[in-house]
Amino acid sequence: MSALDELRQLRHGGVQVRKRDNKAAFWFLAPWFAGLIFITVGPVLASFLLGFTKYNLIQPPKFIGFDNFARIFSDERLHNALGVTFTYVLVSVPLQLACALGVALLLDRGLRGLAFYRSAFYLPSLLGSSVAIAVLWTQVFGAEGLINRVLSFVGIEGRGWISDPDTALSTLIVLNVWTFGSPMIIFLAGLRQIPAVYYEAAAIDGASKWSQFWRITLPLLSPILFFNLVLQIIHAFQSFTQAFVVSGGTGGPSDSTMFYTLYLYQQGFSRFDMGYASALAWFLLLIIAAFTAINFWAAKYWVFYDD
Amino acid sequence: MPAKHLGLVVIGFIMLYPVLWMIVSSLRPGDEIFRNPGLILDSLQTENYTEGWNALNPSFGTYLLNSTILVLGCIIGNLVSCSMAAYAFARLNFSGKRWWFGIMLGTIMLPVHVIIVPQYVLFSQAGWVNTFLPLIVPKILATDAFFVFLMVQFIRGLPRELDEAARIDGCGHPRIFAQIVLPLMKPALATTTIFTFIWTWNDFFTQLIYLTDPEMYTVPVALRSFVDSTVATSWGSQFAMSVVSLVPIFLAFLIGQRYLVKGIATTGGK
């Protein structure tokens, strides 16, 4: 295409910087700009202001200073919700990624029927966030559900996993682990990038599969692992549907499935305390940002870039 | 390595077992669901389906139609607006481009819960509650930044010489976009279509908030309301309607697998 390159240079007078297309760009980006103002960044800023008010949608917002933010520090139900959410995120994400990586390793390198397995393992991630699967989970982990039926065959007496505050959250953690398919696909794509010669050389030097995994696969895969970790943590913080359906919208039993998002929903859309809900939304944003920042900071110590 | 295959088949089977069991159970008489954890069907009963279908007023057909309208609106919105924004980011040279691009990437990570309250205030003032507008308009305004990014990546991979040649022939940006770039973007558009379909079909949170009139219910909202209004013993019809709600996802998965896998592998979707 050198001829074209030359033509272009002629047209623009040599190495001169390409002219700006501000006008065209404005029109192409017009919908996106409007979205920024009305749907994304605008509301984020607005919710900051609403956070300083008492507002129930009917009466006009009333300025109350830092009351909503102060309430965050004294609201014990919220603290419980934070505990539930942190437990959910910190337990389910590592388990989910471990499963994703484990199965990806099994599927790697020209396994016959790869496409079939990949699809089968991926399917749950598409279904996992639906109300239908939450309904299924309610039955499966119910007192007379599938799990207890199966357990009774081996003589174990089960319990109402979802109606018991000690185990309700675990059923949702299992559900999140169940959707390991999408990080698995990202792992598979990453594994394919690792040159086979590394393994061949290591095998010649007599390295076992185990040390090949720790010394070749894991370091070279660490950027992908990091990417999955950041993404899945952010996703897990936003879980809502499953806890909502399984608990009938209450976050019960005894607030044991009260995710932060569910609490926010209840404050905003059941009690119409929009001011407090806005403050909660901002606090959630800060928490997620903090987790992401910690992730990026910690990455310096364990993520390995091969370039 | 047969052991490996055996292991994978067992893991896969255990994972998919609950879903298979739900499908089989939806075709069994209601009381059998509690007794029979197996997958073998003695007889085919469709009562659960007729019962579930007509359990709410209006019937499930309305919700399927509502979800379909919503999904189509969202798909069209995303295809048009995201591809336009992506063209600008990938091909145009404008002031503050890096800055705007950074903001766009930032909004990918923005949780919906953070913006939902003021957004609800805005849309309820506009009288849009119980219409599909609060759900479709954001898509028309390219707020699914994930797809903008996906398309930017794709357009960057297209040979620039094509648009340069068209430019020399006197084409402006609208024509280059519509007649050269867009036709070459089909794989990225397909990926966007299929993800928008699945995510919108499954989305519960925003639909729950904006759709409170049963006439406007979409499938997830209706399903949840159905589950809430029935006694826990009628699992049969709940399963039947759950299966109905999953069929479109399953079909989308079968048709679009290739694009799903590619889309996730390049940009890391859900």
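Asks: Can you walk me through the environment of Ala240(B) in this structure?
Replies: Residue position: Ala240(B) is located in helix α14 (residues 235-267). Along the chain, Ala240(B) and Ser25(B) lie 215 residues apart, while their C-alpha atoms are 8.3 Å from each other.

Asks: Would you mind showing me how to read helix α4 (residues 67-74) of chain A here?
Replies: All names here are of chain A. All buried positions along α4 are accounted for by Asn 68, Phe 69 and Ile 72. Relative to the axis of α4, the buried residues are bounded by an arc of 105 degrees and lie together on one face. Across from the buried face of α4, at angles greater than 90 degrees, the exposed residues are Phe 73 and Ser 74. Packed against the buried residues of α4 are α3 (41-50), β1 (53-54), α5 (76-107) and α15 (274-302).

Asks: I would appreciate a short explanation of the interface of chain B and chain A in the present structure.
Replies: Many authors give the size of an interface as the accessible area that is lost as the parts come together. The interface of chain B with chain A comprises 93 residues on the first partner and 92 residues on the second. Interface of chain B and chain A: buried area, both sides summed, is about 8,300 Å²; carbon and sulfur atoms make up 77% of it. Run the count over chain B and chain A and you get 1 salt bridge. Note that Asp21(A) is salt-bridged to Arg167(B), the shortest N-O span being 3.8 Å. Applying the counting criterion to the chain B and chain A interface returns 11 residue pairs in polar contact (both at pLDDT 80 or more). Per element, the largest residue contribution to the side of chain B that touches chain A is 15 residues, and it comes from α14(B).

Asks: I tried to follow the domain arrangement of chain A on my own but got confused; where do I start?
Replies: All names here are of chain A. Each assigned domain of chain A is listed here: domain 1 (17-63) and domain 2 (69-302). Its C-alpha centre places domain 1 at a distance of 31 Å from the equivalent point of domain 2. Counting residues at the interface gives 10 residues for domain 1, matched by 9 residues for domain 2. Between domain 1 and domain 2, the buried area comes to about 840 Å², and carbon and sulfur atoms account for 69% of it. Applying the counting rule to domain 1 against domain 2 returns 0 salt bridges. Put simply, domain 1 and domain 2 have 3 residue pairs in polar contact (both at pLDDT 80 or more) between them.

Scoring rules and cut-offs
Residues numbered from 1 in each chain as written. Chains lettered and ligands numbered in written order. Predicted model: local features only at pLDDT ≥ 70, side-chain atom pairs only at ≥ 80, totals over all residues. Heavy atoms only, no water. Helix = DSSP H or I, 4+ residues; strand = E, 2+ residues; numbered from the N terminus. Buried < 20%, exposed > 50% of the residue type's maximum accessible area, 1.4 Å probe, protein only. Arc of directions from axis to C-beta. Contact = heavy atoms within 4.5 Å. Buried area = accessible area lost by both parts, 1.4 Å probe. Salt bridge = Lys/Arg side-chain N within 4 Å of Asp/Glu carboxyl O. Polar contact = N/O pair within 3.5 Å; in protein donor to acceptor, adjacent residues only side chain to side chain. Domains from an automatic or database assignment.

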